[in-house]
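Analysis of the macromolecular model
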Amino acid sequence: MARKLVRLLALLFAVSICGAVTIPGPVSDAHRSAASELFDGSFSSLEDAYEALRVFEILAIGNKLDVSAATCQKVVEILGSSSPVKDLFYALKVNGILKCKVNGDVFKDIASRLKANVNDASTLVDMYYSIGSLVLIKDQASDVDVLLADADGTFHSIKALSQSDGRWRYSSDNPESSTYAAGLALEALAGVISLASSEIDQSRHLANILCPFLSILALLSVIQYLISAPCCQVNTVKNDILKLFDSIEKYDDGTFYFDEKFVGGLEHQGSLSTTSSVVRGVTAFAAVTSGKINLPGDKILGLAKFFLGIGIPGDAKEFFNQVESISIPLIVSLPATVYSLSKKDQLKVRVNTVLGSAAPPLTVKLVRAFHADAKDSAIIESKELQYDKKNGIHILEVFPDNLDVGTYVFVFEIVLDESAGEEVYATGGQIHVPIFVTGTIKVSKAEIAVLDSDLGSVENQKKLDLAGNDVVSFSANHLQKLRFSFQLTTPHGHAFNPHQALFKLRHETKREHIFVVGNTGNKFEIILVKYDIELTVGDAVMENSFLWPLGHVDLDLPEAPEKAARLPPLPVDPYSRYGPKAEITHLFRAPEKRPPQKFSLTFLSLTLLPFIGFLVGLLRLGVNLKNFPSSAVPATYAILFHLGIAAILFLYVLFWLKLDLFTTLKTVGFLGAFLMFVGHRILSHLASTSSKLKSA
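Residues numbered from 1 in each chain as written. Predicted model: local features only at pLDDT ≥ 70, side-chain atom pairs only at ≥ 80, totals over all residues. Heavy atoms only, no water.

In the annotation of an unreviewed UniProt entry, the entry for the protein chain reads Dolichyl-diphosphooligosaccharide--protein glycosyltransferase subunit 2, and the organism field reads Flemingia macrophylla. Turning to the protein chain, the UniProt record has this under Sequence similarities (unreviewed entry): "Belongs to the SWP1 family." The record held by UniProt for the protein chain lists under Subunit (unreviewed entry) the comment "Component of the oligosaccharyltransferase (OST) complex." (UniProt positions renumbered as here; feature names shortened; annotations may be inferred.)

The following block contains the structure:
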């Protein structure tokens, strides 16, 4: 089954040139982080549980979602009861992942009930869930008989709901057709084929072989009915798939998607869910049928670009549809980037599966490369990229000498090696990729001259070294012309024409005059009758785009006539009017001349002599500490009072050395309040002690 599957839609590759940022890439760790946030383990139904478990299984997140016990209990309850067929379907889906312990007799009872539902079903949705549940039982309980007695009749009943454009109706009573229903129908038909008896299966394969010959020879209608009826039904469905792909929607960048056109009766499906339904249906049908469905490679590539290009959906249902669809095999080849000739970059192409696993053996070929403006002239033809096994990338080591700076289109092709197996991979054909080749542009032969207006003779000329930031000064009058010219060459010595080359003159009143520099052969030249000098040159492939001031020119212009048109006043910039003003710089008086340092230190020493004399006087007078309080509380206040006075003296020293006036005043205020409190306490104690002594 897997081998047949890849014959239609092979393993999804994300091919990206290293460094590209504009191309949808493979599934990354960002998807895994988003899955952990969207599916937190609390599920309202088994449908939500299955979607979460399936996403974690595809992204190989591991056992981070541990809901086995509670979910398995719910699975067993639903399988053992007479629940709706939709609940049975998702219970079996969850059981296929968690492998819950379900009694074998339960599967038998469910199978008999589902067979009856298939025979009595009147809508496509009922048949989809019933047939899908039988297929799941077949995979989970091989000893249970799930084969359909009338598989051809069931196949025909579902096929009868198809429309001429490849879409399907939900029931025979509803005339509206749906693209989303087409995906459900294809999955249901695939289930019918897998549930058919071996005899019918064999006749189908025989009919598939004989069908083309029977159609060509137009044999008897009886023989065609007996032998080729199953064949023609399967082939008709394949034709319906091709018709369905004919109505596919397309964006300008080559992205393809399916959109739901059925809006009545059921809930409208978005583009993501509709496209996912069709892809699942086509893949399931291709997996159980022989032969090949010839789907266009560009549409397969476009579908892959659609799934990868939508980013990370914020809704759990859409996230599931995206992840399950990109896990379905599709080929996408999306290289694009920018390369520098000056840095001698190598063309690097990485090929890996959408989930990050290794790709089968293959070869990446650069079929041809041409300039974007010369599609018929190939710069590179038939180059095979070398494979670097160590880094797992395909490399074009050296660009040819005829590849200069510019915009090119590279045409890639992926060729699978024979060792990849017998499977036929859809590689998306040739991939056209825009490539930008950049380089350092050389500026030379720059000169500026003043010309005579009538004769055109050079009156004053100077050569410029633009790389050296030369600044020139000219004087001219209104009867002369100013000419400025320079030459640009690419790394390979070819003349280069940039996207823009601007020559700016700015007057002292801030008025600006901008002129476009024209290309005259191999030189860029501009001639002005009047005004001033700045050069701007830039291009997307020019690595050294620049804006250089060149100097100024003083123009001796006559007074304008009285009635001549005047230039409009300069617009007032609101930012300059209401924005922050320029910083005001004050010019302070020069400091006075100070005496020598030794003289200052000597004077400082002399100022300390009175303090020393004060201390000596205290000692001579016999100062003592007899009145110092002996009790703990008064002694504490006395010590704090003296420390406060010392702190104020120290603050004066700090003010002299480093503190400003405001800081000093704030600190003095705090210390003053402190001194008032402790001073009042100690003085009250001394007064009380003195009064007691007098009274005694």
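The rest of the description comes next.
**Some points on the packing of helix α8 (residues 151-159) against helix α9 (residues 179-194)**
Their axes nearest at 9 Å, the elements α8 and α9 cross at an angle of 170°. Classified by the angle between their axes, α8 and α9 sit roughly antiparallel to one another. Counting all contacts with α8, which are made through Ala151, Thr154, Phe155, Ile158 and Lys159, the residues of α9 involved are Ala185, Ala188, Leu189, Val192 and Ile193. Here the residues of the contact of α8 with α9 sort into 8 nonpolar, 1 polar and 1 charged. (Axes fitted to C-alpha atoms, helices over the stretch in contact; angles between N-to-C directions. Helix = DSSP H or I, 4+ residues; strand = E, 2+ residues; numbered from the N terminus. Parallel < 35°, antiparallel > 145°, perpendicular 65-115°, else oblique. Contact = heavy atoms within 4.5 Å. Nonpolar A, V, L, I, M, F, W, Y, C, P; charged D, E, K, R; others polar.)

**Side note on unusual backbone geometry**
Despite not being glycine, Lys344 shows a phi value in the positive range, around 55°. Tracing the chain through its elements places Lys344 in the loop between β7 (337-340) and β8 (347-353). Note on Lys344: relative accessible area 73%, which makes it exposed. At Lys445, a position not held by glycine, the phi torsion is positive, near 55°. Of note, Lys445 is situated in strand β15 (residues 442-452). (Buried < 20%, exposed > 50% of the residue type's maximum accessible area, 1.4 Å probe, protein only.)

**Looking at the packing of helix α17 (residues 632-657) against helix α18 (residues 661-695)**
In contact at an axis separation of 8 Å, α17 and α18 are set at 160° when each is read in the N-to-C sense. Relative to α18, α17 is oriented roughly antiparallel. Seen along the crossing, α17 lies across α18 with a hand that is left-handed. A per-class count over the contact of α17 with α18 returns 18 nonpolar, 5 polar and 1 charged. (Left-handed = near helix turned anticlockwise from the far one by under 90°.)

**Here's the deal with the environment of Thr438**
Of note, Thr438 is situated in strand β14 (residues 431-438). Separated by 96 residues in the primary sequence, Thr438 and Ser342 have C-alpha atoms spaced 7.8 Å apart. Leaving out residues up to four positions away in the same chain, Thr438 has contacts with Val338, Tyr339, Ser340, Leu341, Ser342, Val405, Ala540, Val541 and Glu543. At 2.7 Å, the side chain of Thr438 forms a polar contact with the side chain of Glu543. (Polar contact = N/O pair within 3.5 Å; in protein donor to acceptor, adjacent residues only side chain to side chain.)

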